[in-house]
Amino acid sequence: MAERSAPIGVMDSGVGGLSVLAEIQRLLPNETLLYVADCGHVPYGEKSPDYIRERCRHIAGFFHAEGAKAMVLACNTATVAAVADLRELYPTWPLVGMEPAVKPAAAATRSGVVGVLATTGTLQSAKFAALLDRFANDVQVITQPCPGLVELIETGDLTSLALRQMLLGYVQPLLAAGCDTLILGCTHYPFLRPLLADLVPADVAIIDTGAAVARQLQRLLGANDLLAEGPAGDARFWTSADPETLRTILPVLWHKSDDVQRFAL
Ligand code: DGL
């Protein structure tokens, strides 16, 4: 049985999951957080489910060995590829995955047209098709894969002209089709909210699931009597690419941290 003061492992293909880490820290300030950015293998969105499953197994094994009391897949693409596999491997370990916010978007839209920005891997998955079947029968959902966006965000670029043009190219067809609700179905994209606010009309709602994931984690920890009483230890980071690169980007997307190590698996 894990201790309440044990850390929580959070992972993503890269820096996108930091948008979820921020929500977790806001809701659960007593928790100690470990974060693995699989930057040596980003983007997951264009990789096979088998490849992603293998990466997630390595990272889950690492968190488990570090004594993490729970794990969060702060990545939509990793969740569709690997969450079932990890649940089978670790049946009693609290594990939180995430999925695009189709249900709240279908409830919120007034025009009846919802747009989803996500990776190719997420949009092509059977899990996403099942999500649409379940919650989006009464609305029109237009999906838009966004290759290239993640790679730019990984460099810490949130404002360049190239990024702006790429994002506009993805969003414009959705707006032209009458979409009034936009789902950010990849954890990298919440970092583009300021840019999106510039590109889409103010009455278009933009929804992501970071806060919902933090609430689900809170519920799961509570149900397992694992909520920490604090104080939290400092967040620690690992990356499968060059630690110096993550060290440089962290102050842009999170806070400064020198506790960045190489993830060698
Ligand atoms: N951040 C990820 C997601 O939520 C995946 C990005 C990628 O590596 O393609 O889907």
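In case you missed it, the structure is sitting above this.
Computed from a prediction, not measured in an experiment: that's the story for all the values here. (Residues numbered from 1 in each chain as written. Predicted model: local features only at pLDDT ≥ 70, side-chain atom pairs only at ≥ 80, totals over all residues. Heavy atoms only, no water.)

Student: Outline the sheet that holds strand S10 (residues 260-262), listing residues and values.
Tutor: The sheet built from six strands is open, its strands ordered S4-S3-S1-S2-S9-S10 with parallel pairing. Because the sheet does not close on itself, it has two edges, and the strands there are strand S4 (95-96) and S10. The sheet contact formed by strand S2 (residues 33-37) and strand S9 (residues 236-239) spans four bridges and is parallel. Counterpart to tyrosine 35 in the pairing with S9 is phenylalanine 237. Set on the sheet, helix H3 (residues 76-89) makes contact with strand S3 (70-73) and S4; between it and S3 the angle comes to about 155°. (Pairing = 2+ DSSP bridges. Helix = DSSP H or I, 4+ residues; strand = E, 2+ residues; numbered from the N terminus. Contact = heavy atoms within 4.5 Å. Axes fitted to C-alpha atoms, helices over the stretch in contact; angles between N-to-C directions.)

Student: Describe the site of the ligand, naming the residues involved and giving the relevant values.
Tutor: Within the structure, the ligand sits among 14 residues, and Ser13, Tyr44, Gly45, Asn76 and Thr77 are positioned closest to it. In the model, an oxygen atom of the ligand is placed 2.5 Å from a nitrogen or oxygen of the threonine 77 side chain. A distance of 2.8 Å separates a nitrogen atom of the ligand from a polar side-chain atom of histidine 188. The fraction of the free accessible surface of the ligand (300 Å²) that becomes covered by protein chains is 99%. Of the residues in the shell around the ligand, the class split is six nonpolar, seven polar and one charged. (Near = heavy atom within 4 Å. Polar contact = N/O pair within 3.5 Å; in protein donor to acceptor, adjacent residues only side chain to side chain. Areas by Shrake-Rupley, 256 points an atom, 1.4 Å probe, with all protein chains shown as cover. Nonpolar A, V, L, I, M, F, W, Y, C, P; charged D, E, K, R; others polar.)

Student: Give me H3: which residues, what numbers.
Tutor: Since the α-helix packs 3.6 residues into each turn, any two residues three or four apart lie on the same face. End to end, H3 covers 19 Å across 14 residues, agreeing with the expected 20 Å (1.5 Å per residue, within 8%). Taken as a whole, H3 carries its principal kink of about 55° at alanine 82. Residues Asn76, Thr77, Ala78, Thr79, Ala81, Ala82, Val83, Asp85 and Leu86 constitute the buried set of H3. (Expected span 1.5 Å × (residues − 1). Bend = angle between axes of the 7 residues up to and from the residue. Buried < 20%, exposed > 50% of the residue type's maximum accessible area, 1.4 Å probe, protein only.)

Student: Kindly report on helix H2 (residues 49-65), identifying the contributing residues and their values.
Tutor: Between its first and last C-alpha, H2 extends 24 Å over 17 residues, near the 24 Å set by a 1.5 Å rise per residue. Residues Ile52, Arg55, Cys56, Ile59, Ala60, Phe62 and Phe63 constitute the buried set of H2. End-on view of H2: buried residues confined to an arc of 155°, all on one side of the axis. Exposed residues on H2 whose side chains face more than 90 degrees from its buried face are Asp50 and Ala65. Of the residues one or two after H2, glycine 67 is the one with positive phi, at around 85°. (Arc of directions from axis to C-beta.)

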